[in-house]
Each structure stands twice: as C-alpha cells, then as structure tokens.
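Notes for the structure review
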Amino acid sequence: MLLNPQVLHLQTIFLFLSTDFVTFFNFSLRTLSVDNQSLLTTLLDELKKMNMHNRDLYWTEAVNQCYDDDEIRYLLSDYIPNEENKRDDAYNKNFVELLCWTCSSSYPIVRTLAIRHLVTLLLRIPQYTVELLMKFQQVDDAYVLDGLYSALYGFVLMSDDKEKIGNIAKNIYEFSFKNKEPYPDLRVREWMLRILDRD
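All of the points below concern the structure found in this document. Keep in mind that what you see is a predicted model, and the values were worked out from it rather than measured. Within each chain, residues carry numbers counting from 1 in the order of the written sequence. Only residues with pLDDT of at least 70 get local features here, since the model is predicted, and only at 80 or more are side-chain atom pairs given and counted; chain-wide, interface and lining totals rely on the full set of residues. With hydrogens and water set aside, each side-chain value is computed from the structure's full complement of heavy atoms.

This part is about the packing of helix α6 (residues 89-102) against helix α8 (residues 129-136). Axis definition: a line fitted to C-alpha atoms, limited for helices to the stretch in contact. Angles are taken between N-to-C directions and run from 0 to 180 degrees. Runs of E in the DSSP output that reach at least two residues are strands. Runs of H or I that reach at least four are helices, and both are numbered from the N terminus. Where α6 contacts α8, the axes come no closer than 11 Å and their chain directions differ by 50°. One way to sum up the angle between α6 and α8 is to call them oblique. As for how α6 packs across α8, the hand of that crossing is right-handed. Contact residues: α6 offers Lys-93, Val-96, Glu-97, Cys-100 and Trp-101, while α8 offers Glu-131, Leu-132, Lys-135 and Phe-136. In the contact of α6 with α8, the residues fall into five nonpolar, no polar and four charged. Relative orientations are named as follows: roughly parallel for angles under 35 degrees, roughly antiparallel for angles over 145 degrees, roughly perpendicular for angles from 65 to 115 degrees, and oblique for any other angle. Handedness of a crossing follows from how the near helix is turned relative to the far one, being left-handed for an anticlockwise turn of less than a right angle and right-handed for a clockwise one. Two residues qualify as a contact provided that any one of their heavy atoms is within 4.5 Å of a heavy atom in the partner residue. Side-chain classes follow a simple rule in which Ala, Val, Leu, Ile, Met, Phe, Trp, Tyr, Cys and Pro form the nonpolar group, Asp, Glu, Lys and Arg form the charged group, and the remainder, Gly included, forms the polar group.

Right, here's the structure in full:
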C-alpha cells in the first residue's frame, strides 16, 4: 500500500526533530524562502491541527533541546530580518509563527529567548501583528499564548504605530472579553489587560 506523501513528509519532520532540533531549525529556515512546501511550512500547518497532548509529545520535547544547546541563540539572531538581511513575506510570517510555537518549551529561558526575538521581529514587520494574533487566538497551550501576548505587549510599549496598537487591542477585546468569560490563565489574561490599558 502506498503512503500519502504528506504523511511521509510529517514522519520525516518528526524524526528530524527528535534527532536534532537545532539542525532542523537551521535547515528549514535556510530553505524557507526558496521552497513554499518546505519542512517548516508543513510543520507549522500541522502544529495548528494538533491537540496539546500530541504537540507536547512531538514538538515540545524537541524544542526543549534548546535548553542544552547555545547554538540556538546565535541561529535566532542570524535569521532576524534587518536592513542588511532582508527577507520575503513568506519567510517573515513563518519565522514569527515558529517563535510563537517555540514558547511551548518547558524551560523559561527558552521561552524568554523566543519572546525577546519575537518582539524584535514584530517591531521590524509590524504589519503581521494582528494577523499573528488572529492565527493563535484559539491555540490551547497557555505557554504559547503567554509568549505571544507578552511579545505583543512589548511591541505595544516600544511602537509608535497607534493604529496597529489600536487594532491589536480591539481584536483582543472582541475575541477574549466581549460577551464571554475571560481567558482562564491568569498570566495570559494579565498581558491582554495590559495591552488594553495601553490603548
């Protein structure tokens, strides 16, 4: 019986992740802007579909390898777009999403590193802030949402773009507070309220 190529692709990804997350990270980002069907694009699509149990099993365990590998710190810095190192739209969107999912790590130091780079990247490509927020609003991992909203709060503090800040606050209010119970996690809710308070 022939296996679906997509299934084979995912098996390759998770084998790669379990073996060496940093090498996977490096390889997938280098090929991202060249091939729209890259490993990273497939992985990000799959992470959105997974429940938290499966993400923890296949993804978070791999991300936790970053705790013992200083190389990831330099890799993250290398891939942040700047004036000398411009990236295309597909690259930027996927890199921002990767940083959000990296916040699922069990280790605070890994999450902090991802959040710091996420703030830096959002300040350079602010057009993705609202789109990113909408993509992750229904994610069932409080660590990921804590990383996202704390990064958005960092963006709000450092940005002069009042229109973007207003759009972020409006989106948070309408999705998370208007006519519904607030998000149950206290830390996530605190970041949301701080963003609303700054608007």
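With that settled, consider the packing of aromatic side chains. Ring pairs are drawn from Phe, Tyr and Trp, using the six-membered ring of Trp, whenever the two centres fall within 6.5 Å, and their geometry is named by plane angle: stacked under 30 degrees, edge-to-face over 60, tilted for the rest. Counting across every chain of the model gives two aromatic pairs. Seen in terms of ring centroids, Trp-101 and Phe-136 are 5.1 Å apart; in terms of plane orientation they differ by 50°. Their pairing is tilted. A residue pair is termed long-range when its members are at least 10 positions apart, and Trp-101 in helix α6 and Phe-136 in helix α8 qualify at 35 residues. Residue classification places Phe-136 among the buried positions, given a relative accessible area of 1%. Here the aromatic rings of Tyr-153 and Trp-191 are separated by 5.6 Å at their centres, their planes lie at 40°, and the arrangement is tilted. Taken together, the positions of Tyr-153 in helix α9 (residues 142-158) and Trp-191 in helix α11 (residues 186-198) put the pair 38 residues apart, joining distant regions of the chain. Directly above the ring of Tyr-143 sits Arg-111, whose terminal nitrogen or CZ lies 4.0 Å from the centroid. Each residue's exposure class comes from its accessible area (1.4 Å probe, protein chains only) as a fraction of the maximum for that residue type: buried when under 20%, exposed when over 50%, partly exposed otherwise. The rule for a charge over a ring is simple: NZ of Lys or CZ of Arg within 6 Å of the ring centre, and within 35 degrees of the ring normal.

Nothing here speaks to function; it is all geometry.
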